[in-house]
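Chain by chain, the residues run as shown.
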Number of protein chains: 2
Amino acid sequence: MKISGRPTTEGSRGIKQKKEKLKNFLKEKGFKSTRQRDLIASEFLEMGEHVTAEELYREISKKYTDIGYTTVYRTLKLLNQSGLAAERVFADNLTRYEPLSAEDHHDHLICMKCGSITEFQDLRIERLQERVADEFGFVAVSHKMELYGYCRKCKDNA
Amino acid sequence: MKISGRPTTEGSRGIKQKKEKLKNFLKEKGFKSTRQRDLIASEFLEMGEHVTAEELYREISKKYTDIGYTTVYRTLKLLNQSGLAAERVFADNLTRYEPLSAEDHHDHLICMKCGSITEFQDLRIERLQERVADEFGFVAVSHKMELYGYCRKCKDNA
DNA sequence: AAGGAAATTGAAATTCATTTTCAATTAGAC
DNA sequence: GTCTAATTGAAAATGAATTTCAATTTCCTT
């Protein structure tokens, strides 16, 4: 099992690469590269967490007062379309985004007390999911798995 | 693996039992038994699917024009609290409810074309989930697992 | 480099499910 | 039956997500 206790913030190399990918995506689709999109993408990739549009907007507002919420929202959608971000909705019903690297599928452990989100990957589970789908004649395209409970810290000082 | 291709509608025995359980829950909590709650619970248990408040309301409106949406909504919340119903949100972001029997935990296969929802249970996956949680020092309370893809029908006549 | 068509921006308005409010009604304890 | 607290349902409020639209910017064409 691949462990990543806390979503890792990308080194600047990865970020540059990803911004390049975004540019390609935009050009390909006939969209335009703008100062705003560039700044929003940078900030998003640097945060490297499961952020909401709102959170990202607040962060960006600190540095750039002229970038609106709507543009942050739309840029996150764009990042999602381009495959650079994944859109996720957990039990609190807010839409969160996380940077996505090529082959890194993972699921989440969510603490019901402190709200921390921990990522994990388990190939054994993935295989079984595939098998279940097969048994129903179902072609699985994607899945969503979240374990809710209490993290090490929160279960201890309860 | 337990298979239930389509959520089964309860026999009337089960429904009576559940309505009894609801009554007990209400009394216990100092809430009142009302004609509306009774009718809404009956209709809900008979439908036995993953209904939204809206759908249930529309169904009930056909028979009883004096029951309001708000009451249906609140009764579903109540059923959820009492453990008789489970609240679920899938990718379409609507809150759905399904009758819940004591020990019947299950997950869902959701067709991205026709929207059909199929239930399944797989103990091997459950065990692995427990193990993953353990490895993170996490105490799992509940989980959510959904496989999205195309059902037998939809993948065939594509 | 200038022109111009098309995309983008951001504030404000809209949507839509969900949740709350409140006055009138009802359940059920005494 | 009386009384008090809970319930009801229409309407209003909420709040995140999405759309609108006029002003601005990008970038393709010349």
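Since the model is a prediction, treat every value here as computed from it, not as a measurement.

Peer 1: Summarise the packing of helix α3 (residues 53–63) of chain A against helix α4 (residues 69–81) of chain A; cite the residues concerned and give the values.
Peer 2: Residue and element names in this part refer to chain A. Two elements in contact, α3 and α4, have axes separated by 9 Å at closest approach and are oriented at 125 degrees. Between α3 and α4, the angle is such that the two are oblique. Considering how the two elements wind past one another, α3 and α4 form a crossing that is right-handed. From α3, Ala53, Glu54, Leu56, Tyr57 and Ile60 reach across to α4, where they touch Tyr69, Val72, Tyr73 and Leu76. By residue class, the composition of the contact of α3 with α4 is eight nonpolar, no polar and one charged.

Peer 1: I'd love a proper account of the interface of chain B and chain A, names of residues and values included.
Peer 2: Chain B puts 38 residues into the contact, and the matching count from chain A is 38 residues. Both faces considered, chain B and chain A share a buried interface measuring about 3500 Å² in area, 68% of it formed by carbon and sulfur atoms. Where chain B touches chain A, the interface holds 14 residue pairs in polar contact (both at pLDDT 80 or more). For the side of chain B that touches chain A, the secondary structure elements donating two or more residues are β5 (107–111), β6 (117–121), α5 (123–135), β7 (139–150) and α6 (152–156) of chain B.

Peer 1: For the packing of aromatic side chains, give the residues involved together with the corresponding values.
Peer 2: Residues and elements named next belong to chain A. Inspection of every chain in the model, using the stated rule, returns three aromatic pairs over all chains. Residues tyrosine 57 and tyrosine 69 carry aromatic rings whose centres are separated by 5.8 Å and whose planes lie at 90 degrees to one another, so their mutual orientation is edge-to-face. With a gap of 12 residues between them, tyrosine 57 in helix α3 and tyrosine 69 in helix α4 connect regions that are remote in the sequence. The exposure class of tyrosine 57 is partly exposed, given its relative accessible area of 25%. The partly exposed category is assigned to tyrosine 69, whose relative accessible area is 37%.

Peer 1: Give me the lowdown on the protein's contact with DNA strand D, citing residues and values where you can.
Peer 2: The environment of DNA strand D is formed by 21 residues, the closest being Tyr73 of chain A together with Thr34, Asp66, Thr71 and Arg74 of chain B. Counting only atoms of DNA strand D within 4 Å of the protein, the fraction found in sugar and phosphate groups is 70%. Note that a phosphate oxygen of DNA strand D is positioned 3.3 Å from one of the backbone N or O atoms of glycine 68 of chain B. With respect to DNA strand D, the side chain of arginine 74 of chain B contributes an N or O atom lying 2.4 Å from a base nitrogen. Only α4 of chain A together with α2 (35–47) and α4 (69–81) of chain B provide two or more residues apiece to the surface near DNA strand D. Considered class by class, the residues forming the surface near DNA strand D number five nonpolar, nine polar and seven charged.

Peer 1: Account for the relation of the copies chain B and chain A, with residues named and values stated.
Peer 2: The two copies are related by a screw motion: chain B maps onto chain A through a turn of 179 degrees and a shift of 0.0 Å along the axis, at an RMSD of 0.1 Å. The operation mapping one copy onto its partner corresponds to a two-fold rotation axis. The C-alpha atom lying nearest the rotation axis in chain B is that of methionine 145 of chain B; the distance is 2.1 Å. Mapped onto chain A, 100% of the interface residues of chain B again fall at the interface, so both copies present the same surface.

Peer 1: Quick rundown of the nonpolar core? Include the residues and the values.
Peer 2: Nonpolar side chains in soluble globular proteins tend to end up buried together. By size, the foremost hydrophobic cluster in this structure holds 26 residues, and its most contacted members are Leu109, Phe120 and Phe138 of chain A together with Leu109, Phe120 and Phe138 of chain B. Of all elements in the fold, only β5 (107–111), α5 (123–135) and β7 (139–150) of chain A together with β5, α5 and β7 of chain B reach the threshold of two or more residues within this core. If we skip the residues at most four places from it in the chain, phenylalanine 138 of chain A touches Ala133 of chain A together with Leu109, Ile110, Cys111, Leu147, Tyr148, Gly149, Tyr150, Cys151 and Lys155 of chain B.

Peer 1: Requested: an account of a nonpolar patch on the surface, with residues and values cited.
Peer 2: Where nonpolar side chains cluster on the molecular surface, the patch consists of Met112 and Tyr150 of chain A together with Val139 and Val141 of chain B and spans about 330 Å² of accessible area. Inspection of the secondary structure assignment puts tyrosine 150 of chain A in strand β7. The partly exposed category is assigned to tyrosine 150 of chain A, whose relative accessible area is 32%.

Peer 1: So what's going on with the protein's contact with DNA strand C? Which residues, and what values?
Peer 2: The local shell around DNA strand C holds 21 residues, among which Thr34, Asp66, Thr71 and Arg74 of chain A together with Tyr73 of chain B are the closest. In DNA strand C, atoms within 4 Å of the protein come from the sugar-phosphate backbone in 70% of cases. Within the contact set of DNA strand C, a base nitrogen lies 2.3 Å away from a side-chain nitrogen or oxygen of arginine 74 of chain A. At 2.4 Å, a side-chain N or O of tyrosine 73 of chain B approaches a phosphate oxygen of DNA strand C. Mapped by element, the contributors of at least two residues to the surface near DNA strand C are α2 (35–47) and α4 of chain A together with α4 of chain B. Among the elements that make up the surface near DNA strand C, the one with the highest residue count is α4 of chain B (five residues). For the surface near DNA strand C, the per-class residue count stands at five nonpolar, nine polar and seven charged.

Parameters and conventions
- Residues numbered from 1 in each chain as written.
- Chains lettered and ligands numbered in written order.
- Predicted model: local features only at pLDDT ≥ 70, side-chain atom pairs only at ≥ 80, totals over all residues.
- Heavy atoms only, no water.
- Axes fitted to C-alpha atoms, helices over the stretch in contact; angles between N-to-C directions.
- Helix = DSSP H or I, 4+ residues; strand = E, 2+ residues; numbered from the N terminus.
- Parallel < 35°, antiparallel > 145°, perpendicular 65-115°, else oblique.
- Left-handed = near helix turned anticlockwise from the far one by under 90°.
- Contact = heavy atoms within 4.5 Å.
- Nonpolar A, V, L, I, M, F, W, Y, C, P; charged D, E, K, R; others polar.
- Buried area = accessible area lost by both parts, 1.4 Å probe.
- Polar contact = N/O pair within 3.5 Å; in protein donor to acceptor, adjacent residues only side chain to side chain.
- Phe/Tyr/Trp six-rings, centres within 6.5 Å; stacked < 30°, edge-to-face > 60°.
- Buried < 20%, exposed > 50% of the residue type's maximum accessible area, 1.4 Å probe, protein only.
- Near = heavy atom within 4 Å.
- Least-squares fit on C-alpha atoms with pLDDT ≥ 70 in both.
- Core = buried A, V, L, I, M, F, W, Y, C linked by side-chain atoms within 4.5 Å.
- Patch = residues over 30% accessible without salt bridge, like charges linked within 9 Å, V, L, I, M, F, W, Y side chains within 5 Å.
- Areas by Shrake-Rupley, 256 points an atom, 1.4 Å probe, with all protein chains shown as cover.
- Salt bridge = Lys/Arg side-chain N within 4 Å of Asp/Glu carboxyl O.

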